[in-house]
Amino acid sequence: MKRQRATGLYSSRLPESERNLKISLITLDNSACMCDVILWLVLALSPVGVIFARKNTCNLCFLIFVKMSSCDIADQKIEGYEAFTSLTDTLDSCDKSVFLLFRGSNNDKGVSWCPDCVKAEPIIKDVYDSLDNKQTRALIQVSVGNREVWKDPKCSFRTDPRLKLTNIPTIIKWKGGRIIDDECSKVDVLRKFFLG
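Residues numbered from 1 in each chain as written. Predicted model: local features only at pLDDT ≥ 70, side-chain atom pairs only at ≥ 80, totals over all residues. Heavy atoms only, no water.

(A) Up close: the overall build of the protein chain. Within the protein chain, the secondary structure is distributed over six helices and nine strands. Sequence separation of at least 24 residues holds for 56% of the intrachain contacts in the protein chain that already meet a minimum separation of 6. Of the roughly 11400 Å² of accessible surface on the protein chain, a fraction of 54% belongs to carbon and sulfur atoms. (Helix = DSSP H or I, 4+ residues; strand = E, 2+ residues; numbered from the N terminus. Contact = heavy atoms within 4.5 Å. Areas by Shrake-Rupley, 256 points an atom, 1.4 Å probe, with all protein chains shown as cover.)

Structural data, given as structure tokens:
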């Protein structure tokens, strides 16, 4: 019996930072079984890495799932309350520090209608981009709508018990703290918040 080893298998759904991980497929002979097919399906459809071993003496196959990351959230921009609520299930199971920047939506000129947001956003970006270990955190920009939508007391971002927004810009650490308004333009406050 000839021993074969193939390395370099990975799930295409793994976060970019973990795609260079080598996951091995070990077979003890040249024959294939259904578990080989299952392995490839699992690798293609699952956000987990898999180690596969075949025991030659009884043709019993074992699949061992190794959890790589429960969150593939990356920095992104979303628009409106429905997009935000569709993201919250993922946020609840995320092992990263997720920061949500609530801001006014862009106007016809491609900038936020909110002057405080326009002032704060480049400062937030500079501080956030200067941090190490970016794979452990994500910044999601959530646009709350135009001025009329935001000013409505029944705006979903204002009434959602998880948010209860009163000002924009606001940065919320999911299941953590928050900073609001002019605090979002202070480098020392931002750095402490992102690292805390």
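Still more to cover.
(B) The pattern of salt bridges, seen in detail. Overall, the coordinates contain four salt bridges when judged by the stated rule. Where R103 meets E121, a salt bridge forms, and the shortest distance between an N and an O atom there is 2.5 Å. Remark: E121 occurs in helix 3 (residues 115-129) and R103 occurs in strand 6 (residues 97-103); sequence separation between them is 18 residues. On the basis of relative accessibility, which here comes to 7%, the residue R103 falls in the buried class. (Salt bridge = Lys/Arg side-chain N within 4 Å of Asp/Glu carboxyl O. Buried < 20%, exposed > 50% of the residue type's maximum accessible area, 1.4 Å probe, protein only.)

(C) Just the nonpolar core, in detail. The biggest cluster of nonpolar side chains holds 24 residues, and the ones touching the most others in it are F84, L100, F102, I140 and F157. Where this core is concerned, the elements lending two or more residues are helix 2 (81-92), strand 6 and strand 7 (137-143). Sequence-distant contacts of F84, that is, excluding residues within four places in its chain, are made with I78, L100, F102, V142, F157, D160, R162, L163 and W174. V127, L139, I179 and F193 belong to the second largest nonpolar core, which has 14 residues in total. (Core = buried A, V, L, I, M, F, W, Y, C linked by side-chain atoms within 4.5 Å.)

(D) The arrangement of the pairing of strand 6 in detail. The buried fraction of strand 6 amounts to six of the seven residues, a majority that puts the element mostly inside the structure. Here strand 6 pairs with strand 7 via seven bridges, running parallel. Each bridged residue has a counterpart across the sheet, and for F99 the counterpart in strand 7 is L139. Between the parallel pair strand 6 and strand 7, the chain is carried across by helix 3, and the sense of this crossover is right-handed. (Pairing = 2+ DSSP bridges. Right-handed = clockwise from strand over helix to strand, strands pointing away.)

(E) Broad picture of the packing of aromatic side chains. In total, this model carries ten aromatic pairs according to the counting rule given. For the pair F84 and F157, a centre-to-centre distance of 6.1 Å together with 50 degrees between the ring planes defines the contact as tilted. Of this pair, F84 sits in helix 2 while F157 sits in helix 5 (residues 156-159), placing them 73 residues apart in sequence. By relative accessible area, which is 2% here, F157 ends up buried. Measuring from ring centre to ring centre gives 6.1 Å for F84 and W174, while their planes differ by 75 degrees; the resulting arrangement is edge-to-face. With F84 in helix 2 and W174 in the loop between strand 8 (170-173) and strand 9 (178-180), the pair connects residues that are 90 residues apart, well separated along the chain. On the basis of relative accessibility, which here comes to 0%, the residue F84 falls in the buried class. Ring pairing ties together the aromatic residues Y81, F84, F102, F157 and W174, which thus form one cluster. For R158, the ring lying beneath its charged end belongs to W150, and the centroid distance is 3.9 Å. (Phe/Tyr/Trp six-rings, centres within 6.5 Å; stacked < 30°, edge-to-face > 60°. Lys NZ or Arg CZ within 6 Å of the ring centre and 35° of its normal.)

(F) Quick peek at helix 6 (residues 187-195). Looking at helix 6, one finds that the buried residues are L190, F193 and F194. End-on view of helix 6: buried residues confined to an arc of 95 degrees, all on one side of the axis. Seen from the buried face of helix 6, the exposed residues on the opposite side, beyond 90 degrees, are D188, K192 and L195. Against strand 6, helix 3, strand 7, strand 8 and strand 9 lie the buried residues of helix 6. (Arc of directions from axis to C-beta.)

(G) Structural detail: unusual backbone geometry. Here I168 and P169 are connected by a cis peptide whose omega angle stands at 0 degrees. With respect to the helices, strands and loops of the structure, P169 is situated in the loop between helix 5 and strand 8.

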